[in-house]
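Residue strings, one per chain:
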Protein chains: 2
Amino acid sequence: MKIALDAMGGDNAPKAIVEGAIAAAGLMEHEILLVGIPAEISRHLPVSCPKNVHIHPASEVVDMHEKPTEALRLKKDSSISVSVNLVKEGGAHAFVSAGNTGACTAACLLGWRQIHGFHRPAIGSTLPSLKEDFLLLDAGASPDVDPEHLVEFALMGRSFVMSMWGRENPTVHLLNIGEEPGKGNAFAKQAHALLATHDWFRGNIEGKDMYHGGIDIVVCDAFVGNIVLKCAEGVAEMIVEMIRSAVPTNPIAKLPYLPLKSLMAPLRKKMDYAEIGGSPLLGLNGLGFMAHGRSNAKAIRNALLQAAKAMEADLVGVLRESIAKELE
Amino acid sequence: MKIALDAMGGDNAPKAIVEGAIAAAGLMEHEILLVGIPAEISRHLPVSCPKNVHIHPASEVVDMHEKPTEALRLKKDSSISVSVNLVKEGGAHAFVSAGNTGACTAACLLGWRQIHGFHRPAIGSTLPSLKEDFLLLDAGASPDVDPEHLVEFALMGRSFVMSMWGRENPTVHLLNIGEEPGKGNAFAKQAHALLATHDWFRGNIEGKDMYHGGIDIVVCDAFVGNIVLKCAEGVAEMIVEMIRSAVPTNPIAKLPYLPLKSLMAPLRKKMDYAEIGGSPLLGLNGLGFMAHGRSNAKAIRNALLQAAKAMEADLVGVLRESIAKELE
């Protein structure tokens, strides 16, 4: 199968994107299409390019801060639009981008449309805890949703966690400002009532309890989800910086602090978005993985590996079955 | 002046509350009224009780997880209701509680009513950054609000930060999922448009940028605010626990890690809610400070010091002036 990789998207494009593709190519049979401006891509390709890495031309680039709908309307031949069309027309089977998330989401939604029964797409973000990871969704695709869409996000999350992480019968919590039913704003109360008719629903969860472990999936709207994601990033960065800045810079004075490095290493790894690589865009008739705008080669490599796994697991097929069963 | 302190509220009441009152009494001229069940309070009072600490009887206790409105209706003589009435009738000039926040907020709203011009109360939470603290509001008082209420929260925040922290002309940011105007859900877009008519407004801010410093006030609705607060708590606890658990327990093996303690001390201090003590409930005709349910004696002492400072600064008067000027 083939993965359309947006070679022009992200703060470090196209260099980090091309390097990530080369790193992933050796780990999979699938073909990787580097979609973008050929001259800019080929500059970063090694002399002996892996056989399963190809360039697919696209003449325009959507900037990271461009308005999504406007950019897509004006730049019909952008690397994002060309990639999405490749998947739509069967020329590729998954799309990976570290570019403008809003533009990617809009292009995928317009190009692929929702799977019948799902009304809004959702981005699933993998978050760490003291034990196993959990999936938070929607982390940024659909900021304005109705409470019933959170049930759809729960179904998407379950499909993803079952086929990609191999967890059987994963459970779902609703992110809320109190544990008891009846807590929260009007939206959360309605969502709770709708979710409560499903046996996989485990009730409300507060932000401080998500990180203890034992959680599979947490649902919320994209506004809350994206804020949670970025606040977690901000708090983690602040703490690491506070610890770092307390260590003396003088090479002799800092000697006693050297063991600290080994303590921080697993933490850094757990906090490093590049370890996961990409977040799936779920609910559409196509496979998309959104990588962090700051993605390095390692993040792109891992996002490609995720996309490969999702293609092999026929994630879109699993999602279709799950909503079809719900609608029965 | 007098502070009505809910002696029965919080996980460690009445012991920690009484101890906090004793610790604060020596640091202020004001009288502290320990409101609650006399027999349970007096058990924790020292033989030589400070002259400015008194017991004010209240026969009932609202539990931490009781439904606020129901609890207030059934328990007319609760320590919360009695304290709020004391402030209402002039028998006290501020209220401090580590009890059920929902019940406290509801009792204050019903007992004191909104300052003319403010439609909803807001809780202001002090959050740390790499530089100075900032105020996030609403952190939990009013989960369902309209965009115009965020302008009111901004005015409340400015009054608080000016009179309590002494910052001149503090600025306000809107918590959002993107920096550019036009980002976010429908609510955030409307709030941005309303806030943008004020010269103290500095636009949107993302969660990851709040913790860098240089921020005075961040406004959002209470659902988002409370989730941000608790997620920050959860992430910080996870990181501290990850570092702690990586240190060997064997006394010899852990020797090289001893310098870590000195690195973590300022971090722990910055993360410790007890350092701040209490969060103000703003917008009502009365002064209320909500302390964390897990408050220890130090948190209660610091909440009482905050309440004393707010009484001395006539914070309610400052809030009244600020909204009157806005309505001119």
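As the structure is a computational prediction, the values presented were derived from the model and not from experiment.

J.: Sorry, what's going on with the interface of chain A and chain B here?
T.: Size of an interface: often given as the accessible area lost when the parts come together. Taken together, the contacts link 52 residues of chain A with 52 residues of chain B. In total, about 4600 Å² of surface goes out of reach between chain A and chain B, with carbon and sulfur atoms giving 78% of it. The largest per-residue losses of area from chain A upon contact with chain B belong to I177(A), F223(A) and L263(A), which jointly make up 15% of the total buried on that side. The interface formed by chain A and chain B includes two salt bridges. With a shortest N-O distance of 2.3 Å, K230(A) and E206(B) are connected by a salt bridge. Applying the counting rule to chain A against chain B returns ten residue pairs in polar contact (both at pLDDT 80 or more). Where the side of chain A that touches chain B is concerned, the elements lending two or more residues are α7 (186-195), α8 (222-246) and α9 (259-271) of chain A.

J.: Before we go on, may I ask you to explain the packing of aromatic side chains in this structure?
T.: To describe a pair of aromatic rings, one takes the distance between the centres and the angle between the planes. Residue and element names in this part refer to chain A. Per the stated rule, a full pass over the model turns up six aromatic pairs over all chains. Ring plane angle 85° and centroid distance 6.4 Å describe the contact between F95 and W112, whose orientation is recorded as edge-to-face. Taken together, the positions of F95 in strand β4 (residues 94-97) and W112 in helix α5 (residues 101-112) put the pair 17 residues apart, joining distant regions of the chain. Both residues of the pair, F95 and W112, belong to the buried class. For the pair F160 and W165, a centre-to-centre distance of 5.9 Å together with 75° between the ring planes defines the contact as edge-to-face.

J.: What should I look at first to understand a nonpolar patch on the surface in this one?
T.: Residue and element names in this part refer to chain A. On the surface, a nonpolar cluster with roughly 310 Å² of combined accessible area is contributed by I252, L255 and L258. Mapped onto the elements, L258 comes out in the loop between α8 and α9. By relative accessible area, L258 is classed as partly exposed at 45%.

J.: Help me out: how do you make sense of the sheet that holds strand β6 (residues 125-127) of chain A in this one?
T.: Pairing between the strands of a sheet is mediated by backbone hydrogen bonds and can be parallel or antiparallel. Residues and elements named next belong to chain A. As summarised here, the arrangement of the five strands in space is β6-β7-β10-β8-β9, forming an open sheet in which the pairing is mixed. The outermost strands of the open sheet, each flanked by one partner alone, are β6 and β9 (201-205). Averaged over all adjacent pairs, the angle separating strand axes in this sheet is 30°, with direction ignored. With three bridges connecting them, β6 and strand β7 (residues 134-137) associate as antiparallel partners. What sits directly across from S125, in β7, is L136.

J.: Got a minute to help me understand the nonpolar core in this structure?
T.: Of all hydrophobic cores here, the largest spans 62 residues; its most connected members are M210(A), Y211(A), M210(B) and Y211(B). For this core, the secondary structure elements donating two or more residues are β7, α8 and α9 of chain A together with β7 (134-137), α8 (222-246) and α9 (259-271) of chain B. Those residues within four positions of M210(A) in sequence are excluded, and the remaining contacts are S129(A), F134(A), L136(A), L175(A), I205(A), I215(A), V218(A), V228(A) and C231(B). By size, the runner-up hydrophobic cluster in this structure holds 56 residues, among which are I17(B), V145(B), L155(B) and A307(B).

J.: I'm lost on the pattern of salt bridges in this one. Help?
T.: For side chains bearing opposite charge, pairing can occur when the charged atoms are close. Residues and elements named next belong to chain A. Taken as a whole and judged by the stated rule, the model has 22 salt bridges over all chains. With a closest N to O distance of 2.8 Å, E66 and K75 form a salt bridge. Since its relative accessible area comes to 18%, K75 is described here as buried. E275 is the partner of K269 in a salt bridge, and the nearest nitrogen-oxygen pair spans 3.8 Å. A relative accessible area of 28% places E275 in the partly exposed class. Members of the salt-bridge network, linked through shared partners, are E233, E237 and R294.

J.: What should I look at first to understand the environment of A291(A) in this one?
T.: Residues and elements named next belong to chain A. Mapping A291 onto the fold places it in strand β12 (residues 288-291). On the basis of relative accessibility, which here comes to 5%, the residue A291 falls in the buried class. A sequence separation of 225 residues divides A291 from E66, and the C-alpha atoms of the two residues are 17 Å apart. For A291, the contacting residues outside a window of four places in its chain are S97, A98, G277, G278 and I300.

J.: Explain empty space enclosed by the protein to me, please; I cannot follow it from the model alone.
T.: Unfilled space is identified by rolling a water-sized probe across the atoms. Scanning the entire structure with this criterion turns up three cavities of 30 Å³ or more. Reported here for the largest cavity is a volume of approximately 50 Å³. L150(A), L174(A), L175(A), F187(A), A188(A), A191(A), V219(A), C220(A), D221(A), V224(A) and F223(B) together form the lining of the largest cavity. For the lining of the largest cavity, the secondary structure elements donating two or more residues are β8 (172-175) and α7 of chain A. Here the element with the most residues in the lining of the largest cavity is α7(A); it accounts for three residues. Class assignment for the residues of the lining of the largest cavity results in ten nonpolar, no polar and one charged.

J.: Which parts of the structure should I look at to understand helix α6 (residues 147-165) of chain B?
T.: Owing to its 3.6 residues per turn, the α-helix aligns residues three or four sequence positions apart on the same side. Residues and elements named next belong to chain B. Across its 19 residues, α6 extends 27 Å between first and last C-alpha, which sits within 8% of the 27 Å expected from 1.5 Å per residue. With 15 of its 19 residues buried, α6 lies for the most part within the structure. Among the residues trailing α6, G166 stands out with phi positive, at a value near 70°.

J.: Just checking my understanding: could you explain the relation of the copies chain A and chain B for this structure?
T.: Relating the two copies of this chain is a rotation about some axis coupled with a shift parallel to it. Overlaying chain A on chain B yields an RMSD of 0.0 Å, the required transformation being a rotation through 180° with an accompanying axial translation of 0.0 Å. One copy is carried onto the other by what is essentially a two-fold rotation axis. Here 100% of the interface residues in chain A have copies in chain B that are interface residues too; the copies meet face to matching face.

J.: What exactly am I supposed to notice about the pairing of strand β12 (residues 288-291) of chain B here?
T.: Sheet faces and side chains relate simply in a regular strand, where the side chains alternate between the two faces. Residues and elements named next belong to chain B. Every second residue of β12 is oriented toward a common face, with G288 and M290 on one face and F289 and A291 on the other, all of them buried. Strand direction decides the pairing type here: strand β4 (residues 94-97) and β12, joined by three bridges, are parallel. Residue pairing across strands places F95 opposite G288, the latter belonging to β12. Judged from the four bridges that link them, strand β11 (residues 278-282) and β12 form a sheet pairing that is antiparallel. When the sheet's bridge partners are listed, S279 is paired in β12 with M290.

J.: In this structure, what is going on with the confidence of the model for chain A? I would like to understand it.
T.: The predicted structure's coordinates, where accompanied by low pLDDT, should not be read in detail. Chain-level statistics for chain A give a pLDDT mean of 94 and a share of 100% at 70 or above. The complex model carries a pTM of 0.93, and its ipTM stands at 0.91.

Criteria and cut-off values
Throughout this description, residue numbers start from 1 for each chain and increase along the sequence as written. Written order determines the labels here, with chains lettered from A and ligands numbered from 1. Local features in a predicted model are, by the rule used here, given only for residues with pLDDT of at least 70; side-chain atom pairs are given and counted only at 80 or more, and totals for whole chains, interfaces and linings are based on all residues. Excluded from the side-chain calculation are hydrogens and water; included are all heavy atoms of the structure. Between two residues, a contact is recorded if the distance between any of their heavy atoms is within 4.5 Å. Note on terms: buried area is the combined drop in 1.4 Å-probe accessible area of two parts once they are placed together, counting the loss on both. Only one rule defines a salt bridge in this text: a Lys or Arg side-chain nitrogen within 4 Å of an Asp or Glu carboxyl oxygen. Under this definition, polar contacts are N or O atom pairs within 3.5 Å; protein pairs additionally need one hydrogen-donor-capable and one acceptor-capable atom, and for neighbouring residues in sequence, both atoms have to be side-chain atoms. Strands here mean DSSP runs of E at least two residues long; helices mean DSSP runs of H or I at least four residues long; both are numbered from the N terminus. Between rings of Phe, Tyr and Trp, where Trp is taken as its six-membered ring, a pair exists when centres lie within 6.5 Å; planes separated by under 30 degrees are stacked, by over 60 edge-to-face, and by other angles tilted. Residue burial is assigned from relative accessible area. The probe radius is 1.4 Å, only protein chains are included, and a residue is buried under 20% of its type maximum, exposed over 50%, and partly exposed in between. For patch detection, residues must exceed 30% relative accessible area and be free of salt bridges, and they are connected within 9 Å for like charges or within 5 Å for nonpolar side chains (Val, Leu, Ile, Met, Phe, Trp, Tyr). Here the Shrake-Rupley method, with its probe set to 1.4 Å, supplies the accessible areas, and only the displayed protein chains count as covering residues. Two strands qualify as a pair provided that DSSP identifies no fewer than 2 bridges between them. Lines fitted to C-alpha atoms define the axes, with helix axes restricted to the stretch in contact, and inter-axis angles between N-to-C directions lie between 0 and 180 degrees. Throughout, nonpolar core names a set of buried Ala, Val, Leu, Ile, Met, Phe, Trp, Tyr and Cys residues whose side chains join them through atoms within 4.5 Å. Here the term cavity refers to a set of points on a 1 Å grid, laid over the protein atoms alone, in which a 1.4 Å probe fits but cannot get out; the term pocket refers to an open set having protein on both sides within 12 Å along at least five of seven lines, with lining residues being those that place an atom within 4 Å of a point. Grid points are joined across faces, edges and corners, and a volume is the space filled by probe spheres set on the points. Classification used: nonpolar for Ala, Val, Leu, Ile, Met, Phe, Trp, Tyr, Cys and Pro, charged for Asp, Glu, Lys and Arg, polar for all others including Gly. How far a helix is expected to stretch is found by multiplying one less than its residue total by 1.5 Å. Fitting of the copies onto one another was done by least squares over C-alpha atoms, counting residues only where both copies have pLDDT of at least 70. A residue's pLDDT is the confidence the predictor assigns to it, expressed on a 0 to 100 scale.

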